[in-house]
Amino acid sequence: MNPRDADNQVELKTKYLRDYAPPDYLVPAINLHFDIGDKTTCVTAELQIERAAQAKDNAPLRLDGKRLELQSVAIDGAALADDAYRVDDEALHVADVPAKFTLTTQVLIDPANNTALEGIFACGDMLASQCEAEGFRCITYFPDRPDVLSRYRVSIEADAKRYPVLLSNGNCLEKSETADGRHRVVWDDPHLKPCYLFALVAGDLLRVTDTHTTPSGREVSLELYAEHGQQDRLAFAMESLRQAMLWDERTYGREYDLDRYLVVAVSSFNMGAMENKGLNIFNSSLLLATPDIATDASHIMVRDVVAHEYFHNWTGNRITCRDWFQLSLKEGLTVLREQQFSEDMNDPAIARVEQVRHLRARQFPEDAGPNAHPVRPESYVEMNNFYTMTVYEKGAEVIRMMRGIVGADGFARGMDTYFDRHDGQAVTIEDFVRAIEDGSGVSVGAQFRRWYSQAGTPRLQVEQQFDGDTLTLSFSQTVPATPGQADKQPMPLPIAVRLLGAEAASAEVTGMRQQGEVLILDDAQGQVTYSGLHAEPVVSLLRGFSAPVRLQYAQTAESLATIMREDSDAFARWEACQRLIHQACEAHQAGQAAAVEHSLDVLAEVLKATDLDDAILPEWLSLPTPHELADSHDSTDVDAVLAMHDAVRSGLGKRLQAELPQWLARSKAGGAWQFTQAEVARRRLHAGALDLLAAADAHAGLAAAQDLLSGADNLSDRLAALQAVNDMAEPQREAMFAAFAEQWADEDLVMDHWFRLQAASAVAGTPAGVRDLQARDDFDLTRPNRVRAVLSGFASQNFAQFHAADGAGYAVMADAVTALDAINPQVAARMVVPITRFARLHGERSGLMREALERVLAQPKVSANVAELAKKALEAAA
């Protein structure tokens, strides 16, 4: 437990992995009844409770509960006297209970005023639930932990006109009419599950249906629900669901296990989506998709997230986590399965590029920041703060490396062992790794487990020496110190290598292992020597991004150009382009004008010579953002980053000035919108070329953007046009944005993009402009999607204005976090993260950002969510 820093702050209670103990009481079955009224909902819970075998005979009963108005408590039908139990802000305590009994409680909850959006909350005219990680305690008293598995039977009673649709987990057993225009529905889930997978939805919703027949012959009813008028927008999600079910049957041999699979779209949701058993609840932005309301990237995201939540049925639901420290057990594994699915559904090479781009943009900064933590954290105060890119994306990379070590066939056998051994259990990461090893017959080694226990992104340094016919590559790795972990041990690094332009007769490795073209660096240093070469080859390293590391390897611009042209691995080609751009940026910062010109000349020549149908070209044209450039340094000089970014972007645009109009003409739409790999690549090429043209020639870029916007039949093209002019202080920009807002004012999902662009604009996204956006009638702090559009759009996409020299950008975020924290602490905690990274900033900006963060922490009643992250940042900098 941490002491209070001030009387106005919550007491932060730290939980530690080392303190895990199994529950004293189990709940094999629970019956829930929800009586939904006009204002409040009465929840009656009947828990069948048994004392666990290891518990002491006199162990007291403690049931978690928060923001509940307790009406009654009974054991085996007998009401408890007031002195037989105790209630505080966190739990219900009963000191003297038998070994086996039925506990019945009745509580009132207030969904309409639940702006935190955990437990059961109102979303427009409907009610929905969100219980992961610890939201079930906001519904009823229960041991709210993932290792208590129960069978749920749920009855829901509500006004039939206001709430004609009443949904919960499992199979529907009964529907009946009751008095006074009300109705009742009973649901039963035959599978044991933790309480975080409970779900409830009540509302007036439309339903889109289909069916799927599993290999064993079960006919599953597929049902997607949304607000009325949205039926056409569910078709893509339905097709994605069918694809995911077929893929999982074919790839992992897993089929669905209930008669119905329900998915509901809600407009206000803290998460992206939730895999509740049999009743997924989705943020509407990740379920609804048509060309007018969703970009190509959004379509891909819808497909991937629909698959992700479905895949959780086995990796998360059927087999769940013993405790929340094991979160990556389900999330890292399911992200990997989602990535494999995405690679099969899309261009696999480009899908991998996007995965790495996402990892570097969001997880690498996390690993370098004050909230750096291992894939399996050792401690936490607020579990919702650990739904992070480290747990999800880095966790997936760790399992991807494991799959590479044991081989694809061995991994498949290991997964079968995992499913067979642990179905219906709450398990640990050790259980998973052991199953993979046992099933594959290959040990990944004790050292590999460091990937789960050590924070930080390893740095891989490579030195190259060529002598006669011999090439020597010397490798060394370091893992930087992170908060609470000053001393790090080497971790196994799989390094995929290919020599371009020459073939070695033999290879001799020292301090490393070799599996085909993959070298595994287990120690701090290693070396490989290639002999019998007729010429010095170009070395392509980390092909496929074989390990999540930062590479430090000096290669010439010509060598990187060779990889771009000749390598068969699309990631390696994309990475070579990224490194060329970074090379030019570094030269600019060092004042080496000739080196800048040379790198850009080499890059431009490769781009000009590349076939426009090559899917990698649009990826090359998507240049690193200022945030990504800043993250490549241990400390950030904001002005230098902006200068190098602008110089390289405009310099490349000018070198391609003759080609860009041709590329725009050749990539112009030739017909109606289609969602195909070729068409998505064409639109990305058009957007990339337009963006570079705008950087090189604002007048030409503006004209091309106006032309694209006027003829666009899809949101991707419309946003590409707006993006190209977003930083232009021209009246045409204002007219384009105004016309767009007028046309799409009633479409929240589309307007979220408009808000994000405005917040990211050098013109409209000034600190004062962001405050103006928050003052609009269509901005509301109770709507997470709109909040994220403005605040994340500003902090993560508007490098210049967020880091305004006077600190006004930091003040905008601090004020917004303070206001938001009183409404929705989970979302507020996400928004405070950008102003926790002050220690990396140069000069006065560091102090200004720190002052903004301290001001947040000094506010009355700051939440544990925000306080944990703010205090960690301040303590790390002390």
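Here the structure is a predicted model, which is why all the values come from computation and not from measurement. (Residues numbered from 1 in each chain as written. Predicted model: local features only at pLDDT ≥ 70, side-chain atom pairs only at ≥ 80, totals over all residues. Heavy atoms only, no water.)

### A closer look at the overall build of the chain
For clarity, the cut-off: Strands here are runs of E lasting at least two residues and helices are runs of H or I lasting at least four, both read from the DSSP assignment and numbered beginning at the N terminus. Taken over C-alpha atoms, the radius of gyration is set against a globule rule of 2.2 Å times the number of residues to the power 0.38. Each residue's exposure class comes from its accessible area (1.4 Å probe, protein chains only) as a fraction of the maximum for that residue type: buried when under 20%, exposed when over 50%, partly exposed otherwise. Should any heavy atoms of two residues lie within 4.5 Å, those residues are counted as being in contact. Throughout, the Shrake-Rupley method with a 1.4 Å probe supplies accessible areas, and for residues the shown protein chains are the sole cover considered. By the counting scheme adopted, Arg and Lys are positive, Glu and Asp are negative, and His together with the chain ends is not counted. To locate a charge, take NZ of a lysine, CZ of an arginine, CG of an aspartate or CD of a glutamate.
Helix and strand counts for the chain stand at 27 helices and 33 strands. What you see for the chain is a C-alpha radius of gyration of 28 Å, in line with the 29 Å of a compact globule of 878 residues. In the chain, which comprises 878 residues, the share counted as buried stands at 58%. Summarising the internal contacts of the chain: among those between residues at least 6 apart in sequence, 70% fall at separations of at least 24. Element-wise, carbon and sulfur atoms account for 47% of the exposed surface of the chain, whose accessible area totals about 33,300 Å². Between the mean site of the 83 positive side-chain charges and the mean site of the 127 negative ones, the chain shows a separation of 2 Å.

### Considerations on the pairing of strand β10 (residues 119-123)
To keep it simple, the criterion reads: A pair of strands is considered paired only if DSSP assigns at least 2 bridges between the two.
The buried fraction of β10 amounts to four of the five residues, a majority that puts the element mostly inside the structure. Note: β10 against strand β11 (residues 126-130), five bridges, orientation antiparallel. Each bridged residue has a counterpart across the sheet, and for Gly119 the counterpart in β11 is Gln130.

### Thoughts on the nonpolar core
Definition in use: In these notes, a set of buried Ala, Val, Leu, Ile, Met, Phe, Trp, Tyr and Cys residues joined through side-chain atoms within 4.5 Å is what counts as a nonpolar core.
Counting residues in hydrophobic clusters, the biggest one holds 283 residues, and the most contacted among them are Phe432 and Phe475. Sequence-distant contacts of Phe432, defined by excluding residues within four places in its chain, comprise Leu329, Leu333, Ile399, Met402, Phe411, Met415, Tyr418 and Tyr452.

### Overview of the sheet that holds strand β4 (residues 61-64)
Counted only if it meets this: All axes are obtained by fitting lines to C-alpha atoms, using only the stretch in contact for helices, and the reported angles, taken between N-to-C directions, cover 0 to 180 degrees.
Read from one edge of the open sheet, three strands run β4-β8-β7, paired in antiparallel fashion. Edge positions in the open sheet fall to β4 and β7 (85-87), since each of these has one partner strand only. Averaged over neighbouring strand pairs, the angle between their axes works out to 15 degrees when direction is ignored. Relative to strand β8 (residues 91-94), β7 is paired through three bridges, and the arrangement is antiparallel. Within β8, the position partnered with Arg86 by the bridge is His93.

### Some words on the pairing of strand β19 (residues 260-266)
Selection criterion: Note on handedness: a crossover is taken as right-handed if, strands pointing away from the viewer, the path from the first strand over the helix to the second is clockwise.
Most of β19 sits inside the fold, with seven of its seven residues counted as buried. Here β19 shows two buried faces, one formed by Arg260, Leu262, Val264 and Val266 and the other by Tyr261, Val263 and Ala265. For strand β18 (residues 219-226) and β19, the ladder comprises five bridges, and the chain directions are parallel. Across the sheet, Leu224 pairs through a bridge with Val263, a residue of β19. Handedness of the β18-helix α1 (residues 235-251)-β19 crossover: left-handed. Looking at chain direction, β19 and strand β21 (residues 279-283) are connected through five bridges and run parallel. By the bridge assignment, Val266 is partnered in β21 with Asn283.

### Focus on helix α3 (residues 327-345)
As a reminder of what qualifies: A helix's residues, less one, multiplied by 1.5 Å, set its expected span.
Taking 1.5 Å as the rise per residue, α3 with 19 residues should run 27 Å; its terminal C-alpha atoms sit 27 Å apart, in good agreement. With 17 of 19 residues buried, α3 is to be regarded as a mostly interior element.

### Things to note about the pattern of salt bridges
Applicable threshold: By definition, a salt bridge exists where a carboxyl oxygen of Asp or Glu is found within 4 Å of a side-chain nitrogen of Lys or Arg.
All told, the structure shown has 73 salt bridges when counted by the stated rule. Among the salt bridges present, the one from Arg840 reaches Asp631, with a minimum N-O distance of 3.9 Å. Of this pair, Arg840 sits in the loop between α25 (825-832) and α26 (843-857) while Asp631 sits in helix α13 (residues 626-631), and the two are 209 residues apart along the sequence. For Asp631, a relative accessible area of 10% puts it in the buried group. Connected through shared salt-bridge partners, Lys13, Lys15, Arg62, Asp64, Glu90, Glu134, Arg137 and Asp144 make up one network.

### Points about the environment of Ile319
If you trace the backbone, Ile319 turns up in the loop between α2 (296-311) and β22 (320-321). Taking the relative accessible area as the measure of exposure, Ile319 reaches 1% and is therefore buried. Sequence separation between Ile319 and Ala800 is 481 residues, and the spatial gap between their C-alpha atoms is 46 Å. Not counting the four nearest positions on each side in its chain, Ile319 is found in contact with Trp314, Tyr418, Phe419, His422, Asp423, Gln425 and Val427.

### A look at the packing of helix α9 (residues 557-566) against helix α10 (residues 570-589)
Defined as follows: Angle categories are assigned with fixed cut-offs, so that under 35 degrees is roughly parallel, over 145 is roughly antiparallel, 65 to 115 is roughly perpendicular, and the rest are oblique. The hand of a helix crossing depends on one turn: near helix anticlockwise from the far one by less than a right angle means left-handed, and clockwise means right-handed. Residue type decides the class: Asp, Glu, Lys and Arg count as charged, Ala, Val, Leu, Ile, Met, Phe, Trp, Tyr, Cys and Pro as nonpolar, and the leftover types, Gly among them, as polar.
Packing of α9 against α10 brings their axes to within 8 Å, and their N-to-C directions diverge by 155 degrees. Compared by their axis directions, α9 and α10 come out roughly antiparallel. Considering only the axes of α9 and α10, their crossing is left-handed. Facing α9, whose interface residues are Ala557, Leu560, Ile563 and Met564, α10 presents Ala572, Arg573, Ala576, Cys577, Arg579, Leu580 and Gln583. Here the contact of α9 with α10 is built from residues that sort into eight nonpolar, one polar and two charged.

### Brief notes about the confidence of the model for the chain
We apply this condition: Confidence of the predictor at the level of single residues is given by pLDDT, which spans 0 to 100.
For the chain, per-residue confidence averages 96 on the pLDDT scale, and 99% of positions sit at 70 or higher. Predicted confidence is poor over residues 1-7, with pLDDT under 50, and the contacts of this stretch with residues over four places away or in other chains come to 11 contacts.

### Some thoughts on the state of the cysteines
How we decide: Note on terminology: pairs of cysteine sulfur atoms within 2.5 Å are recorded as disulfides.
Overall, the coordinates contain zero disulfides when judged by the stated rule. Residue Cys123 stays outside any disulfide, its sulfur separated by 15 Å from that of Cys131, the closest cysteine. The buried category is assigned to Cys123, whose relative accessible area is 2%. Here Cys577 is not cross-linked by a disulfide; its sulfur's nearest cysteine counterpart is in Cys585, at 11 Å. Of the residues examined, Cys577 reaches a relative accessible area of 0% and is grouped as buried.

### Things to note about helix α24 (residues 808-821)
The end-to-end C-alpha distance of α24, which contains 14 residues, comes to 20 Å, matching closely the 20 Å that a straight helix rising 1.5 Å per residue would cover. For α24, the full list of buried residues reads Gly809, Tyr810, Ala811, Val812, Met813, Ala814, Ala816, Val817, Leu820 and Asp821. In this structure, the buried residues of α24 make contact with α21 (767-775), α22 (784-797), α23 (799-802), α25, α26 and α27 (864-877).

### A closer look at the packing of α9 against helix α11 (residues 593-609)
With their axes 10 Å apart at the nearest point, α9 and α11 run at an angle of 15 degrees to one another. On the basis of the axis angle, α9 is roughly parallel to α11. Once α9 is placed against α11, the crossing between them reads as right-handed. Taken together, the residues of α11 that come into contact with α9 (itself represented by Ala557, Glu558, Ala561, Met564 and Arg565) are His598, Val602, Leu603 and Val606.

### Overview of the packing of aromatic side chains
We apply this condition: Stacked, edge-to-face and tilted are the three classes for Phe, Tyr and Trp ring pairs, Trp counted by its six-membered ring, which pair at centre distances within 6.5 Å; planes under 30 degrees apart are stacked, over 60 edge-to-face, the rest tilted. Charge-over-ring contacts are defined here by two conditions on Lys NZ or Arg CZ: a distance within 6 Å of the ring centre and an angle within 35 degrees of the ring normal.
One pass over the full model with this rule turns up 28 aromatic pairs. Geometrically, the ring pair formed by Tyr380 and Phe386 is tilted, given 6.3 Å between the ring centres and 50 degrees between the ring planes. Taken as a pair, Tyr380 and Phe386 share a single burial class, namely buried. Between Tyr387 and Tyr392, the aromatic rings sit 6.4 Å apart at their centres with planes inclined by 50 degrees, giving tilted as the arrangement. Just as Tyr387 is buried, Tyr392 falls in that class too. Note that Arg337 overlies the ring of Tyr252, its terminal NZ or CZ placed 4.7 Å from the centroid. In this arrangement the basic side chain of Arg733 is found over the ring face of Phe737, its NZ or CZ atom lying 4.1 Å from the centre.

### Things to note about the sheet that holds strand β16 (residues 200-203)
The sheet built from four strands is open, its strands ordered β10-β11-β16-β13 with antiparallel pairing. The two strands at the open ends of the sheet, each matched to only one other strand, are β10 and β13 (165-168). Taken over all neighbouring pairs, the strand axes of this sheet differ in orientation by 15 degrees on average, direction set aside.

### Regarding the environment of Cys138
Within the secondary structure, Cys138 is located in the loop between β11 and β12 (150-159). Separated by 550 residues in the primary sequence, Cys138 and Gly688 have C-alpha atoms spaced 47 Å apart. Apart from residues no more than four positions distant in its own chain, Cys138 is found in contact with Lys66, Arg67, Leu68, Ile109, Glu118 and Gly119.

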